[in-house]
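# Observations on the three-dimensional arrangement
Here are the chains, one letter per residue:
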Amino acid sequence: KMNKEVPTILTIRQFAEKHKFTSEGGLRYQIFHAKTNGLKEAKVIVKIGRRVLINEKKYFNWLGV
């Protein structure tokens, strides 16, 4: 029996719609620079095939909120 919490994983569009402080373009910019801004190291981005998804909890941890 696993008691592991299932993370909320959102597309870029879903994330931008849910969190009005950011835009799709802003998120795409952050993802493009993920190697240098720490997003990759923080494992915020999940890739399934060509699809790019954002782990919501890890994103806010990365922001320092």
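Throughout what follows, the structure given in this document is the object of discussion. Bear in mind the structure is a predicted one, so any value in this text is a computation, not a measurement. (Residues numbered from 1 in each chain as written. Predicted model: local features only at pLDDT ≥ 70, side-chain atom pairs only at ≥ 80, totals over all residues. Heavy atoms only, no water.)

### Looking at the sheet that holds strand E3 (residues 51–55)
Spatial strand order, E1-E3-E2: 3 strands in an open sheet with antiparallel pairing. Two strands in the sheet have a free side with no partner beyond their single neighbour: strand E1 (9–11) and strand E2 (45–48). Going from strand to strand, the sheet's axes swing by 40 degrees on average, the running direction of each strand aside. Note: E2 against E3, 4 bridges, orientation antiparallel. Residue pairing across strands places isoleucine 45 opposite isoleucine 54, the latter belonging to E3. (Pairing = 2+ DSSP bridges. Helix = DSSP H or I, 4+ residues; strand = E, 2+ residues; numbered from the N terminus. Axes fitted to C-alpha atoms, helices over the stretch in contact; angles between N-to-C directions.)

### Let's talk about the side chain of asparagine 55
Relative to the elements of secondary structure, asparagine 55 occurs in strand E3. For asparagine 55, a relative accessible area of 6% gives the class buried. Separated by 3.2 Å, the side chain of asparagine 55 and the backbone nitrogen of lysine 57 make a polar contact. With near-sequence residues (within four places) excluded, asparagine 55 lies in contact with Pro7, Thr8, Ile9 and Val44. (Buried < 20%, exposed > 50% of the residue type's maximum accessible area, 1.4 Å probe, protein only. Polar contact = N/O pair within 3.5 Å; in protein donor to acceptor, adjacent residues only side chain to side chain. Contact = heavy atoms within 4.5 Å.)

### With respect to the layout of surface pockets
Estimates place the volume of the largest pocket at around 160 Å³. Those elements giving two or more residues to the lining of the largest pocket turn out to be helix H2 (24–32), helix H3 (34–37) and E2. When its residues are assigned to classes, the lining of the largest pocket shows 7 nonpolar, no polar and 4 charged. (1 Å grid on protein atoms, 1.4 Å probe; cavity = no way out; pocket = protein on both sides within 12 Å on 5 of 7 lines; lining within 4 Å. Points joined across faces, edges and corners; volume = space filled by probe spheres on them. Nonpolar A, V, L, I, M, F, W, Y, C, P; charged D, E, K, R; others polar.)

### A closer look at the nonpolar core
Core analysis: the largest hydrophobic core is formed by 11 residues, namely Leu10, Ile12, Phe15, Ala16, Leu27, Ile31, Ala34, Leu39, Val44, Ile54 and Tyr59. Per-element accounting of this core gives the leading share, 3 residues, to helix H1 (residues 12–18). With residues near it in sequence (within four places) discarded, isoleucine 54 still touches Thr8, Ile9, Leu10, Ile12, Phe15, Leu27, Ile31, Val44 and Tyr59. (Core = buried A, V, L, I, M, F, W, Y, C linked by side-chain atoms within 4.5 Å.)

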